[in-house]
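# Coordinate analysis (summary)
Below, each chain spelled out in residue letters.
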Amino acid sequence: MPGVTDDISPLVHQLGLEPHVEGGWFKETWRTAATARPDGYQGTRAYATGIHYLLHPGERSRWHRVRSDELWLWHSGGPLLLRLGGTGEAAAERTTALLGMDVEAGERPQVLIPAGEWQAAEPAGDEPVLVSCVVAPGFDFQDYEDDSDHTD
């Protein structure tokens, strides 16, 4: 797994996190029982889903996008750098946001990634970062795309 650290946070075991295909560690924590078939989606989706997601220093979430809106919520650790790469065929970094609680320093406790926006994430400090991601309509791997050709 790219960027895996030798020092695993106790949160990985305490929260039952597993390696994520895009990098880091995750566990789905919520999926609505209610479903619908949104326009443009292949099949039904939960109204919304939620995961815990953790990155250690040196780990990163590679460039990817999902068909749905994704709300990132910061919980603990250092700040998280979110890179946004537009909605074109390939990721092209256009802006960044810092997820964290030091609002006076420009961090935000939550950041919305619009549907179809390329995104990548990595800790901006030397602590593991725990966040949650809420996706609506709910996440399905059919709606996930990564930019495996992107290098940075």
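Residues numbered from 1 in each chain as written. Predicted model: local features only at pLDDT ≥ 70, side-chain atom pairs only at ≥ 80, totals over all residues. Heavy atoms only, no water.

## As for the overall build of the protein chain
- Check the secondary structure of the protein chain and you find one helix and 13 strands.
- Starting at the N terminus, the α and β elements of the protein chain follow one another as α-β-β-β-β-β-β-β-β-β-β-β-β-β.
- Relative to the globule expectation of 15 Å for 152 residues, the C-alpha radius of gyration of the protein chain, 15 Å, shows essentially globular dimensions.
- Here the protein chain, with 152 residues, has 43% of them falling under the buried criterion.
- For the protein chain, contacts bridging at least 24 residues in sequence account for 71% of all contacts bridging at least 6.
- Carbon and sulfur atoms form 51% of the exposed surface of the protein chain, whose accessible area is close to 7,900 Å². (Helix = DSSP H or I, 4+ residues; strand = E, 2+ residues; numbered from the N terminus. Rg over C-alpha atoms; globule rule 2.2 N^0.38 Å. Buried < 20%, exposed > 50% of the residue type's maximum accessible area, 1.4 Å probe, protein only. Contact = heavy atoms within 4.5 Å. Areas by Shrake-Rupley, 256 points an atom, 1.4 Å probe, with all protein chains shown as cover.)

## Comments concerning the sheet that holds strand β6 (residues 61-66)
- The five strands are arranged β9-β8-β11-β6-β13 in an open sheet whose pairing can be described as antiparallel. Pairing within the sheet leaves two strands with one partner each, and these edge strands are β9 (95-99) and β13 (144-146). Across this sheet, the average inter-strand angle for adjacent strands is 30°, counted without regard to direction.
- With five bridges connecting them, strand β8 (residues 80-84) and β9 associate as antiparallel partners. Counterpart to Leu82 in the pairing with β9 is Ala97. (Pairing = 2+ DSSP bridges. Axes fitted to C-alpha atoms, helices over the stretch in contact; angles between N-to-C directions.)

## Things to note about the UniProt feature "domain: DUF985" (unreviewed entry) in the protein chain
- Listed under "domain: DUF985" (unreviewed entry) in the UniProt record, and renumbered for this structure, are residues 11-145.
- What you have in residues 11-145 is 3% helix and 47% strand, and the ends, taken at the C-alpha atoms, are 27 Å apart. (UniProt positions renumbered as here; feature names shortened; annotations may be inferred.)

## Some remarks on unusual backbone geometry
- Omega for the peptide link from Ala136 to Pro137 comes to -10°, which places this bond in the cis form.
- With respect to the helices, strands and loops of the structure, Pro137 is situated in the loop between β12 (129-136) and β13.

## Section: the side chain of Ser132
- With respect to the helices and strands, the residue Ser132 is situated in strand β12.
- Of note is the side chain of Ser132, whose polar atom sits 3.5 Å from the backbone oxygen of Ile51.
- Not counting residues within four places of it along the chain, the set of residues in contact with Ser132 comprises Ile51, His52, Leu71, Trp72, Leu73 and His75. (Polar contact = N/O pair within 3.5 Å; in protein donor to acceptor, adjacent residues only side chain to side chain.)

## Things to note about the pattern of salt bridges
- Enumeration over the complete set of coordinates arrives at nine salt bridges.
- The partner of Arg45 in a salt bridge is Asp143, and the shortest N-O contact between them spans 2.7 Å. Placement of the pair is Arg45 in strand β4 (residues 45-46) and Asp143 in the loop between β12 and β13, with a sequence separation of 98 residues.
- Across the salt bridge formed by Glu145 and Arg65, the nearest N and O atoms sit 3.0 Å from each other. Taken as a pair, Glu145 in strand β13 and Arg65 in strand β6 lie far apart in primary sequence, 80 residues in all.
- Shared partners join several salt bridges into a network, and the residues in it are Arg45, Arg67, Asp140 and Asp143. (Salt bridge = Lys/Arg side-chain N within 4 Å of Asp/Glu carboxyl O.)

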